[in-house]
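# Architecture at a glance
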Amino acid sequence: MVNVGIRKLGQQGLEVSAQGLGCMGMSMGYGPPKPDQEMIDLIRHAVNRGVTFLDTSDFYGPETNEILVGKALKGIRDKVQLATKFGCTWDAEGNFGLPRGDAAYVRSSCEASLKRLDVDCIDLYYIHRIDTSVPIEVTMGEMKKLVEEGKVKYVGISEASPSTIRRAHAVHPISAIQLEWSLWTRDAEAHIIPTCRELGIGIVSYSPLGRGFLSSGAKLLEGMTDNDFRKTNPRWQAENLEHNKALFQKLSEISERKGCSPAQVALAWVQHQGNDVVAIPGTTKVKNLDDNIFSLSVNLTEEDMNEIEATFPVEAAAGSRYEAAHMQLSWVNSETPPYNASK
């Protein structure tokens, strides 16, 4: 059995399992919500295997995923490093709304998450997406207060620009940046990841399997329901799919030579990026979770890494990460307005 081990995120004392579990797909995004008891059993199985870093958000469901995770934590809270997020919103019609980061919203979101999770303290509290109308100093200032009050232990931020990260970190030390990082999403390597390492901030990789494409390729499309948001993702569309299928075939050939699955090679590549990196693949199946854990035992030599990166250079995947509307709403690499302390 693979020893999952632990990794440190940031310089404030946060230690988490070397691989985490993303919980979003249990409640939304990839088809209909899964049965609660099955997901509770899955989470508890993960914890028993040593995957104790659990990632949720008030956005997932919305809100129902936090309730689910809270139920799974009963009796095992002390074994888990619990991460949740705020800032993403839904509008009245059930569509994605603009992110919010005003102080009142930060506080009300945290208090609501504590209730849904039924915990006294959140281990790692992230800004899920950046409110581009509010100076980041305002948002982080309220998060600092939550830490001082004992409601939050460590703070994080997701999909922010290097300058926003620097400004946020100056208000209160950031322990982790969450960003999409995988073999087909490598743009953060240019500026964001070097900024994190300069400041001593840990890196949490979400969608390390390319939302499942690096696990099963286009075969995943066969079982997708109409409410699976990946159907609208440009990378899964006809004009891009043939190119991306060829990438997956190359990954499959590498994995066959290594004696493991494409998913395990893709995860191992992320996990070989440094001891300050933790991947949080999501799954709703015990078998997939066990397979993901095995990736921690996959050894990639320097030669292997060079071959993989030559096969998947930056911008190797055809198509953008999100629909154009989401990209235009500054869901990634976000900046905020200047801060005027006198206001």
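Residues numbered from 1 in each chain as written. Predicted model: local features only at pLDDT ≥ 70, side-chain atom pairs only at ≥ 80, totals over all residues. Heavy atoms only, no water.

- Identification of the chain as NADP-dependent oxidoreductase domain-containing protein from Taxus chinensis is taken from an unreviewed UniProt entry.

## A look at the packing of helix H2 (residues 64-72) against helix H3 (residues 103-117)
- Relative orientation of the contacting elements H2 and H3 amounts to 45°, with a least axis distance of 7 Å. Relative to H3, the element H2 lies oblique. When H2 is examined against H3, the residues Glu66, Ile67, Val69 and Gly70 are found in contact with a partner set consisting of Ser113, Arg116 and Leu117.
- For the contact of H2 with H3, the class distribution of residues is 3 nonpolar, 2 polar and 2 charged. (Axes fitted to C-alpha atoms, helices over the stretch in contact; angles between N-to-C directions. Helix = DSSP H or I, 4+ residues; strand = E, 2+ residues; numbered from the N terminus. Parallel < 35°, antiparallel > 145°, perpendicular 65-115°, else oblique. Contact = heavy atoms within 4.5 Å. Nonpolar A, V, L, I, M, F, W, Y, C, P; charged D, E, K, R; others polar.)

## Some details on the side chain of Ser161
- Checked against the element boundaries, Ser161 lands in the loop between strand S7 (152-158) and helix H5 (162-171).
- At 3.2 Å, the side chain of Ser161 and the side chain of Ser163 are in polar contact.
- Within the structure, Ser161 has its side chain in polar contact with the side chain of Thr164 (distance 2.9 Å).
- Those residues in contact with Ser161, other than ones at most four positions away along the chain, are Asn333, Ser334 and Glu335. (Polar contact = N/O pair within 3.5 Å; in protein donor to acceptor, adjacent residues only side chain to side chain.)

## A few points about the UniProt feature "domain: NADP-dependent oxidoreductase" (unreviewed entry) in the chain
- Residues given the UniProt feature "domain: NADP-dependent oxidoreductase" (unreviewed entry) here are residues 20-310.
- End C-alpha atoms of residues 20-310 are separated by 27 Å, and the span's content is 42% helix alongside 13% strand. (UniProt positions renumbered as here; feature names shortened; annotations may be inferred.)

## Things to note about the pattern of salt bridges
- Tallying each qualifying case throughout the model produces 24 salt bridges.
- Here Glu142 and Lys145 are joined by a salt bridge, their closest N and O atoms 3.8 Å apart. In this pair, Glu142 and Lys145 are both assigned in helix H4 (residues 136-148), 3 residues apart and thus about one turn of the helix distant.
- Three or more residues joined by partner-sharing salt bridges are found here, namely Arg107, Glu111, Glu142, Lys145, Glu149 and Lys151. (Salt bridge = Lys/Arg side-chain N within 4 Å of Asp/Glu carboxyl O.)

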